[in-house]
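So the chains spell out like this:
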Amino acid sequence: MMKVNLETFDELKTPCYVLEEKLLRRNLALIKRVADEAQVEIILAFKAFALWKTFPIFREYINATTASSLYEARLACEEFGSKAHTFSPAYTDYEIDEIARCSSHLTFNSLSQYAHLHNRAKRANGSLSIGLRINPEYSEVGTALYNPCAPGTRFGVTADKLPERLPEGIDGFHCHCHCESGADVFVRTLEHIEGKFSRWFGQIKWMNFGGGHLMTRRDYDIHLLVKTLKDFRARYPHLSVILEPGSAFAWQTGPLLSQVVDIVEDHGIRTAILNVSFTCHMPDCLEMPYMPAVRGAETIEDASEADIRSANVYRLGGNSCLSGDFMGYWRFPNVLNVGDNVIFEDMLHYTTVKTNMFNGVTHPAIALAREDGTLEMLRVFGYEDYRGRMD
């Protein structure tokens, strides 16, 4: 344990993801309030956040999680302490039994997968509740990489493919249409969900509206979300309602700390090379793509020639061998020097679960900043993590 300044992190001189307990509890309290007011269940999606050493904090506010694979389902059982709500695009014969045993709810992506495996899943876990993923053919997600309802999607069953009488044993529907979306988007999407699938609602017990509900974002309309959920429940009082956001739990709960290792210049472009990597440690920045906020620096979205050549403007470069492992530009208040901290804001959701060890780049540590101001190292990575175990 050590005391740190959470504004500057001057005490740290190696890369580190820092989760701030105070900010995490703020999000958890808001999510619990929404769940209580709307009388729905809101659960954590591991695909966005799976730091199991923080699960004791989560258990003070929520009771369950959602998994997309065998290992996530095991994490739910073994570390969170409750069985998972599980969905996968395709379950395998060699994993389905263990997945079923680790799950309270199991959603199939297709009618063919349901026909092939649902009996076996129920034999493995007699209390399992079976669901089917549906596709309302509507989503306002603008980035194709993240749009689950785009034409040709591999996710879910469209209404025209469902029989009037659902196959015996299907208890619920699962629908995922959002990505960091607002409540207004949910309202418009819900019209399509009900319009296409409400005629089957009398045959099911629960409705899972998936993730992407970014209710902890500062401008999110919480009142509209709660009202929309209450109204839905009033229309279908027999249905239990589930939401499974991921980003909302870890939204703006802490930064990625890095340091300047070198500064290079070419054609008037100054690049500060860091001891972290966009492709390894902030992959969504390149995939989405989006420009992360850097503490104390001004983001320059469309840099002019004058911007690029002006004082204190830098492109930031990662330390991998990928040519495109850089982003830019930012205007810093002062000239950057080797050893300076560069702090990327809001780097806890989707980063710690998607990072990789490409090039064997040293992986940032993961720390929890406690409410008393002390820093607890949850994990420090080393050579053996890169090497892996073959014995």
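Residues numbered from 1 in each chain as written. Predicted model: local features only at pLDDT ≥ 70, side-chain atom pairs only at ≥ 80, totals over all residues. Heavy atoms only, no water.

### Examining the overall build of the chain
Part 1: A count of helices and strands for the chain gives 12 helices and 19 strands.
Part 2: The C-alpha atoms of the chain give 23 Å as radius of gyration, which agrees with the globular expectation for 391 residues (21 Å, within 12%).
Part 3: Across its three principal directions, the C-alpha atoms of the chain cover 65 × 50 × 40 Å.
Part 4: Scored against the burial criterion, the 391 residues of the chain give a buried share of 52%.
Part 5: Taking as baseline every contact in the chain between residues at least 6 positions apart, the subset at least 24 positions apart corresponds to 70%.
Part 6: When the accessible area of the chain is evaluated, it comes to approximately 17600 Å², of which 51% is carbon and sulfur surface. (Helix = DSSP H or I, 4+ residues; strand = E, 2+ residues; numbered from the N terminus. Rg over C-alpha atoms; globule rule 2.2 N^0.38 Å. Buried < 20%, exposed > 50% of the residue type's maximum accessible area, 1.4 Å probe, protein only. Contact = heavy atoms within 4.5 Å. Areas by Shrake-Rupley, 256 points an atom, 1.4 Å probe, with all protein chains shown as cover.)

### Quick look at the side chain of histidine 178
Part 1: By the element assignment, histidine 178 lies in the loop between strand S9 (170-174) and helix H6 (183-197).
Part 2: Residue classification places histidine 178 among the buried positions, given a relative accessible area of 3%.
Part 3: Not counting the four nearest positions on each side in its chain, histidine 178 is found in contact with Val141, Val185, Phe186, Thr189, Gly211, Gly212 and His213.

### Brief notes about the pairing of strand S8 (residues 129-133)
Part 1: With respect to burial, S8 is a largely interior element, five of its five residues being buried.
Part 2: Pairing analysis gives four bridges linking strand S7 (residues 103-108) to S8, with the strands arranged parallel. Across the sheet, residue phenylalanine 108 finds its bridge partner in S8, namely leucine 132.
Part 3: With helix H5 (residues 111-124) bridging S7 and the parallel S8, this β-α-β connection has right-handed handedness. (Pairing = 2+ DSSP bridges. Right-handed = clockwise from strand over helix to strand, strands pointing away.)

### Considering empty space enclosed by the protein
Part 1: Going through the model one piece at a time under the given rule, you end up with one cavity of 30 Å³ or more.
Part 2: Taken as a whole, the largest cavity encloses approximately 50 Å³ of empty space.
Part 3: Lining the largest cavity are Thr66, His85, Thr86, Phe87, His105, Thr107, His174, Trp206, Asn208, Ile242 and Glu244.
Part 4: Looking at the lining of the largest cavity, the element that brings in the most residues is strand S6 (residues 84-87), giving three residues. (1 Å grid on protein atoms, 1.4 Å probe; cavity = no way out; pocket = protein on both sides within 12 Å on 5 of 7 lines; lining within 4 Å. Points joined across faces, edges and corners; volume = space filled by probe spheres on them.)

### Observations concerning the environment of isoleucine 170
Part 1: Within the fold, isoleucine 170 resides in strand S9.
Part 2: We classify isoleucine 170 as buried; its relative accessible area is 4%.
Part 3: Once the C-alpha coordinates of isoleucine 170 and alanine 50 are considered, the two residues, 120 residues apart in sequence, prove to be 29 Å apart.
Part 4: Leaving out residues up to four positions away in the same chain, isoleucine 170 has contacts with Tyr114, Ile130, Leu132, Gln203 and Ile204.

### Looking at the nonpolar core
Part 1: Ranked by internal contacts, the top residues of the largest apolar core, which has 98 residues, are Phe58, Phe173, Phe201, Met207, Met215, Leu316 and Phe344.
Part 2: Other than its neighbours up to four places away in sequence, phenylalanine 201 contacts Phe173, Ile193, Glu194, Met207, Phe232, Tyr236, His238 and Leu239.
Part 3: Residues Phe9, Leu12, Ile343 and Ala365 belong to the second largest nonpolar core, which totals 11 residues. (Core = buried A, V, L, I, M, F, W, Y, C linked by side-chain atoms within 4.5 Å.)

### Some points on the pairing of strand S11 (residues 240-243)
Part 1: Here strand S3 (residues 41-42) runs beside S11; their pairing, made up of two bridges, is parallel. Each bridged residue has a counterpart across the sheet, and for glutamate 41 the counterpart in S11 is isoleucine 242.
Part 2: In the sheet, strand S10 (residues 206-208) pairs with S11 via three bridges, with the strands oriented parallel. Looking across to S11, one finds that tryptophan 206 is bridged to serine 240.

### A closer look at the sheet that holds strand S4 (residues 44-45)
Part 1: With parallel pairing, nine strands are arranged side by side in an open sheet as S3-S11-S10-S9-S8-S7-S6-S5-S4. The strands lining the two open edges of the sheet, one partner per strand, are S3 and S4.

### Looking at H6
Part 1: Helix length check: H6, at 15 residues, gives a terminal C-alpha distance of 20 Å against a target of 21 Å (1.5 Å per residue), a fit within 8%.
Part 2: Looking at the buried residues of H6, the elements they touch are S9, S10 and helix H7 (222-235). (Expected span 1.5 Å × (residues − 1).)

### Digging into the pattern of salt bridges
Part 1: If you walk through the whole model with that rule in mind, you get 26 salt bridges.
Part 2: Residue arginine 33 pairs with glutamate 37 through a salt bridge whose shortest N-O separation is 3.5 Å. Of this pair, arginine 33 and glutamate 37 both sit in helix H1 (residues 21-38), separated by four residues, roughly a single helical turn.
Part 3: Taking the shortest distance from any N to any O, the salt bridge between glutamate 137 and lysine 196 comes out at 3.6 Å. (Salt bridge = Lys/Arg side-chain N within 4 Å of Asp/Glu carboxyl O.)

### Remarks on the side chain of aspartate 307
Part 1: Assignment of secondary structure puts aspartate 307 in helix H11 (residues 305-309).
Part 2: On the basis of relative accessibility, which here comes to 19%, the residue aspartate 307 falls in the buried class.
Part 3: Leaving out residues up to four positions away in the same chain, aspartate 307 has contacts with Ile300, Asp302, Val313 and Arg331.

### Concerning the packing of H1 against H7
Part 1: Contact pair H1 / H7: the axes reach a minimum separation of 9 Å and the direction vectors enclose 35°. Considering only the axes of H1 and H7, their crossing is right-handed. Contact residues: H1 offers Leu30, Arg33, Val34, Glu37 and Ala38, while H7 offers Ile222, Leu225, Val226, Leu229, Lys230 and Arg233. (Axes fitted to C-alpha atoms, helices over the stretch in contact; angles between N-to-C directions. Left-handed = near helix turned anticlockwise from the far one by under 90°.)

### Description of unusual backbone geometry
Part 1: A cis geometry characterises the amide bond from methionine 288 onward to proline 289, with omega recorded as -15°.
Part 2: Relative to the assigned elements, proline 289 resides in the loop between helix H10 (283-287) and strand S14 (298-299).
Part 3: Residue tyrosine 329 is bonded to the preceding glycine 328 through a cis peptide linkage, with omega at 20°.
Part 4: Within the secondary structure, tyrosine 329 is located in strand S16 (residues 326-331).
Part 5: Here the phi dihedral of glutamate 180 falls at roughly 50°; this positive angle occurs in a residue that is not glycine.
Part 6: Within the fold, glutamate 180 resides in the loop between S9 and H6.
Part 7: Of note, the phi angle at glutamine 252 is positive, near 55°, even though the residue is not glycine.
Part 8: Relative to the elements of secondary structure, glutamine 252 occurs in the loop between helix H8 (247-250) and strand S12 (256-266).

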